[in-house]
Amino acid sequence: MTDPTSLLRELFETARVVVAGLALALAWTTVAYQPFTIPSASMEPGLIEGDYLVVSKWAYGWSGASLPLAARPGEGRLFGRAPSRGDVVVFRHPLRPDEPWIKRVIGLPGDRVRLRDGQVFVNGLPFARTSLGPGRSASQPDRPVTQIRETAPDGTRSWITHDFGPGAAGDDTPEMVVPEGRYLVLGDNRDNSLDGRWLADTGVGFLPAANLIGRAEVVVASWKPGASLWKPWTWFNLQGRWFMSIR
C-alpha cells in the first residue's frame, strides 16, 4: 500500500522540478534568446511564411517588450544599444503590443527618409538597386516579381528585396524625418508590406525603441503553410530551410 506521505512528497518534488524548469525557460527567453514564427510574407525573399527563427534579446538591451508574454513596452531600455541600419528586428506593434512584427531597420533617429519610384533615399543619398532578374514569391507564386539587391549608401550592407513592378502603393512617399528614440522600418517585400510608410493604425509608423524585442539571427527550420504546434501530425511538414543566417 502506497504511503500517502511519500506520494505527496513525490508530487511536491515533481511540481518543484516543473516550476523550476518553467522559470528557467522564462528567464532564458526573456534575457537571451526567444523563438518566433514568421506569420506573413512581408520579408520575402529572405524570410518566408512559416520560418521558425531565433531572436537575440541582448542585442539591444531589455524593456517591457522583452517579456515573452504580451506586455506594454513602457519607456526606455536597460543597457540599451541602438540597432544598425539594415538590421532585421522583431518588435511589438505600437498599437497592438500583443502582436510581434518583423521588419528591417532603414531609418535611424534624425534621418530624413523618402521613397521615389521604389528607391529608398536617406538624407538625400540613394540606396543602390541592382536587378537580379526574375524571382519567385512563395506567397504569390503566379505573380511576376523581380529580385532587387538593395545596398545602403555607405556600401557596407546589402540585402535582396522583391519588386512587383512600378506604381505600387508606397513606391513614392513624402520625406519622413525620424524622431529621436524611434526608427523607420520597411519590409523587404516592398509591394506587400505594411510598415513605416503608413501610420500605426494601418502599418507601423515610427517604431519606438522601447518596442524592440530583439534582432533576428537565424532561421532554424521552416514549416509549410497549415502546419502548427497544436497539430502534431503537421510537425514534419517542412520546407527544407535549415540554420540560415539572417542578413
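Scroll up to find the structure this text is about.
Fair warning: this is a prediction, and the values are worked out from it, not measured in the lab. (Residues numbered from 1 in each chain as written. Predicted model: local features only at pLDDT ≥ 70, side-chain atom pairs only at ≥ 80, totals over all residues. Heavy atoms only, no water.)

(A) Fine view of the packing of aromatic side chains. Summed over the entire model, instances satisfying the criterion amount to 2 aromatic pairs. Plain terms: the ring middles of tyrosine 52 and tryptophan 223 are 5.5 Å apart, the flat faces sit at 85 degrees to each other, and that makes the pair edge-to-face. Taken together, the positions of tyrosine 52 in strand β2 (residues 51-56) and tryptophan 223 in the loop between β14 (212-222) and β15 (244-245) put the pair 171 residues apart, joining distant regions of the chain. For tyrosine 52, a relative accessible area of 29% corresponds to the partly exposed category. (Phe/Tyr/Trp six-rings, centres within 6.5 Å; stacked < 30°, edge-to-face > 60°. Helix = DSSP H or I, 4+ residues; strand = E, 2+ residues; numbered from the N terminus. Buried < 20%, exposed > 50% of the residue type's maximum accessible area, 1.4 Å probe, protein only.)

(B) How the structure looks around the pairing of strand β3 (residues 88-92). Where burial is concerned, most of β3 is hidden: 5 out of the 5 residues are buried. Residues Val88, Val90 and Arg92 point to one face of β3 and Val89 and Phe91 to the other, with burial holding for every one of them. Pairing of β3 with strand β4 (residues 100-107), which is carried by 5 bridges, proceeds in the antiparallel orientation. Bridged to valine 89 within β4 is lysine 103. Pairing of β3 with β14, which is carried by 3 bridges, proceeds in the antiparallel orientation. Following the sheet pairing, valine 89 is matched in β14 by arginine 215. (Pairing = 2+ DSSP bridges.)

(C) Layout of unusual backbone geometry. Note that the residue after glutamate 44, namely proline 45, is joined by a cis bond; omega there is 5 degrees. Among the secondary structure elements, proline 45 is positioned in the loop between β1 (33-37) and β2. One non-glycine residue with positive phi stands out, namely aspartate 117, at about 55 degrees. Looking at the secondary structure, you find aspartate 117 in the loop between β5 (112-116) and β6 (119-122). Taking the relative accessible area as the measure of exposure, aspartate 117 reaches 63% and is therefore exposed. At asparagine 123, a residue that is not glycine, the phi angle is positive and equals roughly 55 degrees.

(D) Representation of the sheet that holds strand β10 (residues 158-163). Pairing is antiparallel in the open sheet, where 3 strands are placed in the order β8-β9-β10. Either end of the sheet is taken by a strand with one partner, and the two such strands are β8 (128-134) and β10. On average, each strand axis in the sheet is inclined to that of its neighbour by 30 degrees, with strand direction left out of account. Pairing geometry for β8 and strand β9 (residues 146-151), over 5 bridges, is antiparallel. Of the residues in β9, the one forming a bridge with alanine 128 is threonine 151. (Axes fitted to C-alpha atoms, helices over the stretch in contact; angles between N-to-C directions.)

(E) The arrangement of the environment of glycine 86 in detail. Inspection of the secondary structure puts glycine 86 in the loop between β2 and β3. Spatially, the C-alpha atoms of glycine 86 and alanine 152 are 7.9 Å apart, while their sequence positions differ by 66 residues. Discounting residues that sit within four places of it in the chain, glycine 86 has contacts with Arg104, Val105, Arg157 and Trp159. (Contact = heavy atoms within 4.5 Å.)

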